[in-house]
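# Commentary on secondary and tertiary structure
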Amino acid sequence: MRNFDDDPALAELLAPERQQDLLRLLQGVTGHRFALSDQPQADAETVEFNLDGVAWLSCAADPQLQAPTARLIEFILTYVGKYRLAANLHHDIAEASFAELQRQHAALQDSEARYRQLSEQLQAQVAAQVKVIEQTQQELYESARLRAIGQLAAGVAHEINNPIGFISSNLRVAEDYVKEIKQGIAGDSAFNALIEDFQALLKESASGTQRIASIVSDLKTFSNIDQADFISCDLNDLLHTSCHLLQAEFSHMLDIELQLGNIGSISGYPAKLSQVFFNVLDNAAKAVEGKGRIRVISRQGAAGHPEVVIEDNGCGISTASLERIFDPFFTTRPVGSGTGLGLTVARETMMAHQGEISIRSREGIGTRVTLKFG
Amino acid sequence: MIKKAFANMSEYIPHERKLTIKVVYYGPALSGKTTNLMQLHTLLQPQRKGELMVLETRDDRTLFFDMLPIGLRSESGLELRLKLYTVPGQVQHDSTRKAVLARVDGVIFVADSQPAQQDNNANAFDNLADNLQKVGIDIENLPLVVQFNKRDAPGAVGEGELQSRWSDTPWSPLCMAAAINGEGVVESYRVLLERLYPVLDREFQLAEVEHISADAFVRQLSRVG
């Protein structure tokens, strides 16, 4: 690339046509023909531009004219050259400015892209934070709801306990009375059948009352939510209670096999542990859909720590679902029938007891949930 | 024509035996760069001296540049061309300054001695350093002379103060000038030639091949009257 300050050649100062114009004008003034060359010629007069010879002028007819005419051309070239230099410099500057503008434009676009990326990252972070807040709110709501249910259950249990107490004691007394009446009217066959039927009715009522009392007792254990400190819990007892509650929920249609070993007791929150067992058992019950079998095992695991295994041969869990099984609000059940919190709560409760929960499952084969206590 | 791949201009064209050297007068607006060049044009009587080319001006201010060509033909037949340029000092003409500064071999920085102009001097010097860097020249290795002009102005900052302020820089000692009266102009120019010679000698073996000594180089290019 040529620079504005490179020494110009003759053609750059005066185009060939302009040179011809100039020679014609000189001929008009002097009456002689001149010749102009950009290469050194013998007997020609050098025409200089900024100390450099740029042209060689000759006039064969009158060589005397060569020197003054060369000075005249130099005078003209000075002004042509000034314009040339200024124009070249201006061109150089315009090009450099344009290149600089393009560079700045590219830099601007770069920075714009960077800021867009940054804003996207920020947006993602905000979205993630919002999600965390929503989750925490849901969990809070859920735990408040559970506590309310627990309190309600505890109240109901307490209120039912009293009437159940005197109903069952009255029923016992009534049975004794009936026995005496039966003896008093001995032989009267007309009343005999009635009395026997009456005795059967009372027996059935007493057994019903027993069942109510047992449900109330389970409810009390389950709702024991506000226990602030760890207390000694018998895991087998809690498992029994949870199974009873589950059976009550599923109309005593479940096939549950209990293999409870001698695992002693651990210290913890009984209500929360019951909830863990209930949640896992509830999942198993829904998986078997009344057709399969649930097995509950408690035993001394590795290093003498107790562990509870709850397994079923129900529908199983798909690999994709298994990956998200502990995610809050992840549920495969229809909207409204599951909160998606059951196993989340279970895992958190296990962590609070220095324990862990693990799940293995194959679709169509069944599921095994292992709860290890630390 | 063989072009060198260096950022500096000094250009040797072997078949013409021609070496062109570019010197730029740089500095803040109205510090007297053009005056320096006009005085050199008047005072110098070198072997060959071209016309002072003053390009477009507006209100007597330089718009593009001024240029004074000086020529010397050594006994060995080397054509030496020294092209002295000025740049426009006004802030808005920065692209012009950068374009003129491209491939420069030596700079004479013309500063203004008036106390009110000291900030402008500093800004212009920073601008020189910036632009040199942009055109790929290292200011530390460039032959550079700092001239404090307008010594004749009333209230000019004292020479002692200026000299001590610049004493830690590679450009000390400073040259003092009153260009309007022709004082210090040729002297500053000579100091630059002295600093220019070793650089050119390293590259073109001026002493060894062309038999041009430092003394002859300075003397012949700055001959007066």
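All values reported here derive from a predicted model rather than from experimental measurement. (Residues numbered from 1 in each chain as written. Chains lettered and ligands numbered in written order. Predicted model: local features only at pLDDT ≥ 70, side-chain atom pairs only at ≥ 80, totals over all residues.)

Opposite the 15 residues of chain B that make contact, chain A presents 13 residues. Of all elements in the fold, only β7 (66-73) and α2 (94-101) of chain B reach the threshold of two or more residues within the side of chain B that touches chain A. With four residues, α2 of chain B is the largest single contributor of residues to the side of chain B that touches chain A. When grouped by side-chain class, the residues that make up the side of chain B that touches chain A number six nonpolar, four polar and five charged. (Contact = placed C-beta atoms within 7 Å. Helix = DSSP H or I, 4+ residues; strand = E, 2+ residues; numbered from the N terminus. Nonpolar A, V, L, I, M, F, W, Y, C, P; charged D, E, K, R; others polar.)

What holds strands together in a sheet is hydrogen bonding between their backbones, with the strands either parallel or antiparallel. Residues and elements named next belong to chain A. Spatially, the five strands line up as an open sheet ordered β5-β7-β8-β10-β9, and their pairing is mixed. Single-partner strands in this sheet number two, and they are β5 (256-260) and β9 (356-362). Strand-to-strand twist across the sheet, computed as the mean angle between neighbouring axes with direction ignored, equals 10°. Bridge analysis of β9 against strand β10 (residues 366-372) gives seven bridges, and the strand direction is antiparallel. Across the sheet, residue Ser358 finds its bridge partner in β10, namely Thr370. Against the sheet, helix α5 (residues 235-249) touches β5, β7 (294-300) and β8 (306-312), its axis set at about 170° to β7. (Pairing = 2+ DSSP bridges. Axes fitted to C-alpha atoms, helices over the stretch in contact; angles between N-to-C directions.)

All right, on to the environment of Pro40 of chain A then. All names here are of chain A. For Pro40, the position within the fold is in the loop between β1 (35-37) and β2 (45-49). Among the residues examined, Pro40 registers 10 C-beta atoms within 10 Å and is labelled exposed. C-alpha separation for the pair Pro40 and Val54, spaced 14 residues apart in sequence, amounts to 8.8 Å. (Buried ≥ 20, exposed ≤ 12 C-beta atoms within 10 Å, placed from the backbone.)

A few words now on helix α8 (residues 342-352) of chain A. Residue and element names in this part refer to chain A. What α8 keeps buried is the set Leu343, Thr344, Ala346, Thr349 and Met350. Looking at the buried side of α8, the elements it contacts are α6 (270-288), β9 and β10. Just downstream of α8 lies Gln354, where phi reads positive at about 55°.

All names here are of chain A. Ordered in space as β1-β3-β2, the three strands form an open sheet in which the pairing is antiparallel. The open sheet has two free edges, formed respectively by β1 and β2, since each of these has just one partner strand. Ignoring strand direction, the axes of neighbouring strands in this sheet form an average angle of 30°. Note: β1 against strand β3 (residues 52-58), three bridges, orientation antiparallel. Looking at β3, one finds that Leu36 is bridged to Leu57.

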